[in-house]
Amino acid sequence: MTTSTSTSTSTSTSAGPDELLWVPVCPLDALAREAGVPALVRGEAVAVFRTHDDQVHALSNIDPVTGASVLSRGIIGTRGDEVFVASPLHKEHYALRDGRCLDDPTLRVAAYDTRVVDGEVQVGGRRPECPQ
Amino acid sequence: MTSTTPRPRLVVVGHGMVGHRLVQAAVERGLSATHDIVVVGEEPRPAYDRVALTSYFAASGPEELSLLPSGSYDDPAVELLLGTEVTALDRADRTVALSDGRVLGYDQLVLATGAAPFVPPVPGRDLDGCFVYRTIEDLDAIRAAAGPATAGVVVGGGLLGLEAANALVQLGLETHVVEMAPRLMPVQLDEAAGATLVRHVEGLGVQVHTGVATESVSGADRVDGLVLAGGARVEAQVVVFSAGIRPRDALARAAGLEVAERGGVLVDEQCRSSDERIWAVGECAAPGGRMYGLVAPGYDMAEVVVDALLGGAGRFVGADMSTKLKLLGVDVASFGDAFATTEGALELVFSDAVAGLYKKLVVSDDGRRLLGGILVGDASAYGVLRPMVASGIDLPDNPEELILPPGRGGAATGVASLPPEAQVCSCNNVTKADLLERLDQAHPGPDGAEHHCEDVAALKACTGAGSTCGSCVGTVKALVEDHFAAQGREVSRALCEHFALSRAELFDVVAIHGYRSFDEVVAAHGTGRGCDVCKPTVASVLASLVNEHVLGEQRAVLQDTNDAFLANIQRNGSYSVVPRIPGGEITPDKLIVIGEVARDHGLYTKITGGQRIDLFGARVEELPVIWRRLVDAGFESGHAYGKSLRTVKSCVGSTWCRFGVQDSVQMAIDLELRYRGLRSPHKLKGGVSGCARECAEARSKDFGVIATEKGWNLYVGGNGGATPAHARLLAGDLDDETLVRYLDRYLMYYVRTADRLQRTAPWLDSLEGGLDRLREVVVDDVLGLGSELEAAMARHVATYVDEWSAVLDDPDKLARFVSFVNAPETPDPAVSFGTVREQIVPNGPVDLGATIPVGAPA
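Reference entry: report on the structure contained in this document. (Residues numbered from 1 in each chain as written. Chains lettered and ligands numbered in written order. Predicted model: local features only at pLDDT ≥ 70, side-chain atom pairs only at ≥ 80, totals over all residues. Heavy atoms only, no water.)

**Some words on the packing of helix α8 (residues 432-440) of chain B against helix α9 (residues 456-463) of chain B**
All names here are of chain B. Where we set the bar: The convention used is that axes are lines fitted to C-alpha atoms, helices contributing only their stretch in contact, and that angles between N-to-C directions extend from 0 to 180 degrees. Numbering of helices and strands runs from the N terminus; a helix is a DSSP stretch of H or I covering at least four residues, while a strand is a stretch of E covering at least two. It is the rotation of the near helix from the far one that decides the hand of a crossing: anticlockwise by less than a right angle makes it left-handed, clockwise makes it right-handed. Residue contacts are counted whenever heavy atoms from the two residues lie within 4.5 Å of one another. Polar here means any residue other than Ala, Val, Leu, Ile, Met, Phe, Trp, Tyr, Cys and Pro, which are nonpolar, and Asp, Glu, Lys and Arg, which are charged; Gly is therefore polar.
With their axes 11 Å apart at the nearest point, α8 and α9 run at an angle of 115° to one another. By crossing handedness, the relation of α8 to α9 is classed as right-handed. Residue-level contacts link Leu435, Arg438 and Leu439 of α8 to Leu459, Cys462 and Thr463 of α9. Along the lines of polarity and charge, the residues of the contact of α8 with α9 split into four nonpolar, one polar and one charged.

What follows is the structure, encoded as structure tokens:
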């Protein structure tokens, strides 16, 4: 898996084993800048975000502190260079890049691969947790 | 445990609180490893919390007060004999005789026999119906006698007497207190404090007779009353004597031990009596000739004796006789030199007879040191003041600020005057010194690197202060600001890392430049892309100034989830829906519609404290359907989600109420419709009462309006919540038009100048000059802002549009109300409900130890 979390240039649609993982979510145009939407990906609730510079990220929609399916409804912001979503329930901040909690190193949400193909946002497999 | 060589035996006479403490200390500190310990208690049960005796009535049984719930010590070297008296002490043989006939040898003997209630020698004191107040058996007997009785009288108005009076009140008796001294609690309180306490106690229905002696108890075979000196009578079927205590030193006297002039076994600083193998602790002892009638000194004595038996050098050198307690629900505290007996001592007194407050500070003749004090009605300053006496630190320049209520010249937080050991956060036991240390020195953070705490958030994270109930966050914040100001560092009022401006400054910047979007504001005055602090703040400022739809253009992404979905998010991610019901007035037809909507969508319904109906458990995709029906029935958004006007509560007013002097319902509706949708630094609530009876509880609101014969009184700056505040009178006897004008100015001034999430009460306190300053601005218009503030409010009123109607008419805005963007028909499986009391409740998810912030976030 790459460390890049998104690409707006990939046009590869050749079918490999990994290709089967990609789930189309919505047109990029349907996703407002600095906003999130909830998507159903292989039966799981996934929050898909678009940043101010049109990067697309995906995290599990489940807030790990409360267990509620709400992260897509959080406010997007920046801390230094890190882009985060603030949980709408108790305001913990999670990095969009990899799901790390910026306030509490013991918390993390799952992150997913994303890409944009022909103007369509797709969510891929759940990424393994990268070392701190 | 037996051994071939007999171990020395320690005998403890008495198993009260102090005797128990002594045994505990002996076990904990290892004395029982070398000694066998025998404790002899005459009561039928092990030691219990006598201080909390009155709570026995509310307890499920004696066990609840027990200090030894298991009934025995879990050290085999300790033997506890209950229901057994020591009848004689033979110092020559080193034995004690027990009531069961046994004779017990000792190597060391500790007397912990406590004290007995003093019953004054008045005729009739032995009649049935006369009691003392000392043991659980006494309480059982009083309770039995109270059953058929209607009235009771307590002889003695000291600490214990008032406790006993409280017990009689709880038993439902008409209660009297008779005190020979001219005031209540004569040992702890001065005359004025005693008088204040009398008013509180009488307010609770207890009749107080001070400065009068008891002549006799009357009755044939049972008590029927008390005759006072001068012949007055108090009818009562129960009499409780609580006129002081006397040390129980009979055993010691009979054995020839030295006793103090006023009773009590005379002991030295190690609590050793005139016989080197005999010790005395607690109320039966008189270290240096003085007897201490509080449990804390007794505990100290117990520790000293165990220390001495272990060869230690601990000494008992007197005790702090400070007391703080809640008597009949009234805060009372007395500490240090409360009676100003120190030479040259000066007194500072604050007294408010109406509020029932009396506060006195005793300071040294140079005004530098606090020597003692008395607090009645509000003892919250005790935690700050008592350590100041103990530590002898210098008083601040204006010591009266320590006792003046905030807003009357008193420091709202008074952090500068707090001694280092003062507890700031009582939930997590964090002192001022702990906080300052964190500000001064670097500490390893969770990542292992060294960190300086530079702000409230960091302090909260590393000390826990303010992270539990949140009520001390204001104090922590003031402490941080004070600390950095003292270092000459400018205290940052920056909103967050993206804006160096405060909210008020940001408001001015946006107003002056006429910005319409977050992008414009952050590009010109900020850095980065914003966060969950500055985005909603800018959105709120834009809404106050421009009043366009909160979900318009790029504004939706700035809003907290409640504003973004125009509903209140609940713990499981579902939302609650609150339609506006202005003034709480609603037609039956509309009531039925709410019921039908709730029934059809399976929502939980609850009447709120603000006279609204709250519908819980709506999934995000259901919100538009629910609101379609509500809007069609004539409802509009109640703004329960926004930092905006929530409700204006009212009583029924003069149309129905026989006491009402004005039409409070009409006024509440008018005000709610006028200010609906007004975005503000924090949520706003109002109330209108139709007469001085104040049934709308208007003075607990940000603005309260109370009808008078001549018009309306306007109160401002009240709120409930974690730090409640009573609203204060801004102007009186106003006509309708003036009332609205002043309210327009007040609300707009607050909206423009308050900090983020600062409610009106702390905002008012933070204004230099407080309420008087606000009156100058709003009533006297000294800043010449009046017409501008009114115009701003007029613009708000003219541009109001119901937010939900606008959403329902706009497919773009509706598009956000889906469960999943790629499966809008599939409900989120993470949201599910169970049933409690015939209504739905969230099924999990469960909070995993999350701390829910209350009060003003840092």
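**Notes on helix α11 (residues 503-513) of chain B**
Residues and elements named next belong to chain B. The test is simple: Accessible area is worked out with a 1.4 Å probe on protein chains only. A residue is then buried under 20% of its type maximum, exposed over 50%, and partly exposed in between.
Along α11, the positions that sit buried rather than exposed are Arg503, Ala504, Leu506, Phe507, Val509 and Val510. Looking at the packing, one finds that the buried side of α11 touches α12 (518-525), α13 (534-546) and α18 (736-753). The positive-phi residue at the C-terminal boundary of α11 is Gly514, with phi of around 70°.

**Quick word on the pairing of strand β8 (residues 111-117) of chain A**
Regular strands place side chains that alternate from one sheet face to the opposite one. All names here are of chain A. Under the convention used in this document: At least two DSSP bridges between two strands are required for those strands to pair.
Most of β8 sits inside the fold, with seven of its seven residues counted as buried. Residues Ala111, Asp113, Arg115 and Val117 point to one face of β8 and Tyr112, Thr114 and Val116 to the other, with burial holding for every one of them. Here two bridges tie strand β4 (residues 56-60) to β8, and the two strands are oriented antiparallel to one another. In the sheet register, Leu59 faces β8, and the bridge partner there is Ala111. The pairing of β8 with strand β9 (residues 120-126) spans five bridges and is classified as antiparallel. Following the sheet pairing, Thr114 is matched in β9 by Val123. From the end of β8 to the start of β9, which pair antiparallel, there are two residues, and Asp118 there has a positive phi angle of about 50°.

**Focus on the packing of aromatic side chains**
This is how the line gets drawn: Stacked, edge-to-face and tilted labels apply to pairs of Phe, Tyr and Trp rings (six-membered ring for Trp) whose centres lie within 6.5 Å, assigned for plane angles under 30 degrees, over 60, and everything in between, in that order. When the NZ atom of lysine or the CZ atom of arginine is within 6 Å of a ring's centre and also within 35 degrees of its normal, the charge is said to sit over that ring.
Using the criterion set out here, one finds 11 aromatic pairs over all chains in the structure. Taking the centre distance of 5.4 Å and the plane angle of 85° together, the rings of Phe565 of chain B and Phe817 of chain B count as edge-to-face. Within this pair, whereas Phe565 of chain B is found in helix α14 (residues 561-565), its partner Phe817 of chain B is found in the loop between α23 (811-814) and β39 (833-836), the two being separated by 252 residues in sequence. Ring geometry for Tyr749 of chain B and Trp763 of chain B: centres 5.8 Å apart, planes at 70°, overall edge-to-face. Of this pair, Tyr749 of chain B sits in helix α18 while Trp763 of chain B sits in helix α19 (residues 760-766), and the two are 14 residues apart along the sequence. The residues Tyr749 of chain B and Trp763 of chain B share a single accessibility class, namely buried. Grouping aromatic residues by their ring pairs yields a cluster made of Phe565, Tyr575, Trp627, Trp804 and Phe817 of chain B. When the ring centre of Phe565 of chain B is taken as origin, the NZ or CZ atom of Arg73 of chain A, which lies over that ring, is 5.8 Å away. Sitting over the ring of Phe118 of chain B, Arg246 of chain B keeps its end group 4.0 Å from the ring centre.

**Comments concerning the interface of chain B and chain A**
We apply this condition: Here's the idea: put two parts together, see how much 1.4 Å probe accessible area each one loses, and the total over both is what we call buried area. Salt bridges are counted wherever a side-chain nitrogen of Lys or Arg sits within 4 Å of a carboxyl oxygen of Asp or Glu.
Tallying the contact residues gives 39 residues for chain B and 38 residues for chain A. Summed over both partners, the interface of chain B with chain A buries about 2800 Å², with 58% contributed by carbon and sulfur atoms. Taken together, the connections running from chain B to chain A amount to three salt bridges. Of the charged contacts in the structure, one is a salt bridge between Arg529 of chain B and Glu34 of chain A, with a shortest N-O distance of 2.6 Å.

**Digging into the sheet that holds strand β16 (residues 238-241) of chain B**
Residue and element names in this part refer to chain B. Strands sit in the order β9-β16-β10-β11-β12 across an open sheet of five strands; the sheet is parallel. One side of each edge strand has no neighbouring strand; the edge strands of this open sheet are β9 (130-132) and β12 (207-210). Neighbour-to-neighbour, the strand axes of this sheet turn through a mean angle of 20°, independent of strand direction. Across five bridges, strand β10 (residues 151-155) lies against strand β11 (residues 174-179) in parallel orientation. Within β11, the position partnered with Gly152 by the bridge is Thr175. The sheet contacts of helix α3 (residues 159-170) involve β10, β11 and β16, and relative to β10 the element is tilted by about 175°.

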